[in-house]
Amino acid sequence: MPRVLTFFAILVPVVAVFLVCRSFDVAAHLQLSWPLASHPDSPVDDAQFHVDVPSAGVASDSGILGHGIVVAETGDGGAKHQFRRRIVAVGDLHGDLPNAHKVLQMAGVVDETGQWSGGVDFFVQTGDIIDRGDDTIKLYDWMDQLRGEAKAKGGVVLSHLGNHEWMNVIGDWRYVHASEIHTFGSAQERQKMLMTGRIGKTWAGNYTTTSRLPLHPSLGPPNTDYDPSLLSSLSHAAVSFVHGGLAPNYPDLTPFPSRINNLGHTLLRKLQHRNPPPAPHPPNPYPGLPHDATPAEHRLYGTDGPLWYRGWALDSEAKACKAVDDVLQRTGTRRMIMGHTPDFEKIVSRCNGKIIIIDTGISHAYGGVLSALSIDYTLTPLPKTEGSGEKQWREREVVTALYMDRQDVLAISEQDVVGDF
Ligand SMILES: *[C@@H]1O[C@H](CO)[C@@H](O)[C@H](O)[C@H]1NC(C)=O
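Note that the coordinates shown come from a computational prediction; the quantities given were computed from them, not determined experimentally.

Conventions used here
- Residues numbered from 1 in each chain as written.
- Predicted model: local features only at pLDDT ≥ 70, side-chain atom pairs only at ≥ 80, totals over all residues.
- Helix = DSSP H or I, 4+ residues; strand = E, 2+ residues; numbered from the N terminus.
- Buried ≥ 20, exposed ≤ 12 C-beta atoms within 10 Å, placed from the backbone.
- Contact = placed C-beta atoms within 7 Å.
- Pairing = 2+ DSSP bridges.
- Expected span 1.5 Å × (residues − 1).
- Arc of directions from axis to C-beta.
- Axes fitted to C-alpha atoms, helices over the stretch in contact; angles between N-to-C directions.
- pLDDT = per-residue confidence, 0-100.
- Near = placed C-beta within 6 Å.
- Nonpolar A, V, L, I, M, F, W, Y, C, P; charged D, E, K, R; others polar.
- Parallel < 35°, antiparallel > 145°, perpendicular 65-115°, else oblique.
- Left-handed = near helix turned anticlockwise from the far one by under 90°.
- Core = buried A, V, L, I, M, F, W, Y, C linked by C-beta atoms within 7 Å.

Some remarks on the overall build of the protein chain
Phase 1: Tallying secondary structure elements over the protein chain gives 11 helices and 14 strands in all.
Phase 2: Burial statistics for the protein chain: of 421 residues in total, 42% are counted as buried.
Phase 3: Within the protein chain, contacts between residues separated by at least 24 positions form 73% of all contacts whose residues are at least 6 apart in sequence.

Structure, rendered in structure tokens:
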């Protein structure tokens, strides 16, 4: 072959590969490759994308943090009362009860018998309990058991619907294992259970699409809408949870979180009461959303909606960090916590802990690291300064990634606040 032809024969593919890599913004990083679920409307199969998640911006020594923070004595004879709230969040579980149990026990949510331990105030699961494994029924039943036990002990379980819960109720069964169907008896019985049966009922009654969890009770109970007119030094002392992500250009972000959750509620009701329910895909054609689904309900389930969005995980750090503050501002939160896009080695913290991605592929279907996220919030009274009427507090929030063999502190925020809390 003449030299010039050889040269082009090499150059052309090299340039092509370079351009493809650049367009996915992944050229500079090592990639983990895994078949992620693809949105039924997406023109390109996501399985071809590489999951590329840059490493955590802040990761410091583990071990400096025990779960007990010493309560400060103020010594001024005033309120000595420290407020403390502990939250544990876990990502995608995908049909693996034994691994889920290990994680919840490791994080102190349950004891060795799988019962609520009383050691945390809130346990949050960000969706995708179903598919890829066989323990669907056991996992949903266990979540309901914990919900009941938590309530009896003053705790709360917050459960979310992930894209896989929605896929199943839509009739998109591409990621359902045949062995899992057997645990229900038959495909028909499975469908019935997810529509109007036990699992369908708990989805409708106990699961939401997103949530806003205040770190302090003065902001109200979980899922109190953010009120932008509220003037308090704690107004953004809350975190959001969602399966995919709250995209910057998603039009139905506010009022947060009720707008998204109301859309989820009405769409789920339409899906669960389709009569007859659509025959599952495959082998049947993809049924899509019901004919009476509104444009906003379609958008909720769209590729940039809260269930499918991957931008916070896949965009460059520069792009994500530029966009994140606006979303936090509008949702009245300090951090957004989500699952959906796994990193099999670690919980990913970006933009100094403003974005935290907790899907580490816990299920044996993936074989990722077992992990949980812990948020430890304390509000400690400070001694009164002379002449000032208002109470001063030291607010401290420690965000830690928990693994079986170590803990990594992802973020610590500390500030003094004034107010009557
Ligand atoms: C919600 O969870 C509770 C507590 O586990 C359970 O008793 C109840 O049946 C669930 N609600 C629905 C509608 O299934």
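Let's talk about the pairing of strand β13 (residues 392–403)
Phase 1: Pairing of strand β12 (residues 371–381) with β13, which is carried by 11 bridges, proceeds in the antiparallel orientation. What sits directly across from Ser374, in β13, is Thr400.
Phase 2: By the bridge criterion, 11 bridges tie β13 to strand β14 (residues 407–418) in an arrangement that is antiparallel. The residue bridging Val399 from the neighbouring strand is Ala411, located in β14.
Phase 3: Joining the antiparallel neighbours β13 and β14 is a turn of 3 residues.

Looking at helix α8 (residues 258–272)
Phase 1: In a regular helix each residue adds 1.5 Å, so 15 residues correspond to 21 Å; α8 covers 21 Å between its end C-alpha atoms and thus fits that length.
Phase 2: Residues Ile260, Asn261, Leu263, Gly264, Leu267, Leu268 and Leu271 constitute the buried set of α8. Take α8 and look down its axis: the buried residues cluster within an arc of 155°, on one side only.
Phase 3: Where α8 is buried, its residues touch α4 (163–170), α7 (198–206), β6 (207–208), β7 (210–214) and α9 (295–300).

Examining the sheet that holds β12
Phase 1: The 7 strands lie next to each other as β6-β5-β4-β3-β12-β13-β14, forming an open sheet whose pairing is mixed. Where the open sheet ends on each side, the last strands, each with one partner, are β6 and β14.

Some details on the sheet that holds strand β9 (residues 335–338)
Phase 1: Here 5 strands make up an open sheet; going across it, the order is β7-β8-β9-β11-β10 and the pairing mixed. Where the open sheet ends on each side, the last strands, each with one partner, are β7 and β10 (348–350). Along the sheet, successive strands turn relative to each other by an average axial angle of 20°, direction set aside.

Observations concerning the pairing of β12
Phase 1: In terms of burial, β12 is largely enclosed, as 11 of its 11 residues are buried.
Phase 2: Where burial is concerned, the two faces of β12 agree: the one with Ser371, Leu373, Ile375, Tyr377, Leu379 and Pro381 and the one with Ala372, Ser374, Asp376, Thr378 and Thr380 are both buried.
Phase 3: Relative to β12, strand β3 (residues 83–90) runs antiparallel, the two sharing 7 bridges. Paired with Arg84 across the bridge in β12 is Thr378.

Points about the confidence of the model for the protein chain
Phase 1: Taken over all residues, the pLDDT of the protein chain has a mean of 86, while the share at 70 or more is 82%.
Phase 2: Here residues 45–78 scores under 50 on pLDDT; set against residues more than four positions off or in separate chains, the count is 68 contacts.

Regarding the environment of Trp393
Phase 1: On the secondary structure map, Trp393 appears in strand β13.
Phase 2: Put simply, Trp393 and Pro381 are 12 residues apart on the chain and 4.4 Å apart in space, counted from C-alpha to C-alpha.
Phase 3: Setting aside anything within four residues of it in sequence, one finds Trp393 in contact with Leu379, Thr380, Pro381, Leu382, Asp416, Val417 and Phe421.

Here's the deal with helix α3 (residues 136–152)
Phase 1: In a regular helix each residue adds 1.5 Å, so 17 residues correspond to 24 Å; α3 covers 25 Å between its end C-alpha atoms and thus fits that length.
Phase 2: Turning to α3, its buried residues are Thr136, Leu139, Tyr140, Trp142, Met143, Leu146 and Ala150. Down the axis, α3 shows its buried residues gathered within 155° of arc, on one side only. Across from the buried face of α3, at angles greater than 90 degrees, the exposed residues are Gly148 and Ala152.
Phase 3: Of the surrounding elements, those touching the buried residues of α3 are α2 (97–106), β4 (122–125), β5 (156–160), α5 (178–182) and α7.

Some details on the site of the ligand
Phase 1: The full set of residues close to the ligand is Asp144, Arg147, Gly148, Lys201, Thr202, Gly205 and Asn206.
Phase 2: Secondary structure elements with two or more residues in the shell around the ligand: α3 and α7.
Phase 3: At 4 residues, the largest contribution of residues to the shell around the ligand is made by α7.
Phase 4: Counted by class, the shell around the ligand contains no nonpolar, 4 polar and 3 charged residues.

Description of the packing of helix α6 (residues 187–195) against α7
Phase 1: Interaxial distance between α6 and α7 falls to 4 Å at its minimum, and their mutual angle equals 25°. Considering the angle they form, α6 stands roughly parallel to α7. Relative to α7, the crossing made by α6 is right-handed. Seen from α6, the contacting residues are Met193, Leu194 and Met195; seen from α7, they are Arg198, Ile199 and Gly200.

Some thoughts on the nonpolar core
Phase 1: If you look at the biggest cluster of nonpolar residues, it comprises 88 residues, and the most contacted ones within it are Val88, Ala89, Phe123, Ile337, Ile357 and Leu373.
Phase 2: By residue number, the principal contributor to this core is α3, which donates 6 residues.
Phase 3: Residue contacts for Phe123: discarding those within four places in its chain leaves Val88, Val109, Leu146, Ala150 and Val157.

With respect to unusual backbone geometry
Phase 1: With an omega of -10°, the peptide bond running from His281 to Pro282 counts as cis.
Phase 2: At the junction of Pro282 and Pro283, the peptide bond is cis and its omega measures out at 10° in the coordinates.
Phase 3: Within the secondary structure, Pro283 sits in the loop between α8 and α9.
Phase 4: You will see that Asp128, though not glycine, has its phi angle at about 65°, which is positive.
Phase 5: Tracing the chain through its elements places Asp128 in the loop between β4 and α3.
Phase 6: Here Asp128 falls in the buried class, since 30 other C-beta atoms lie within 10 Å of it.

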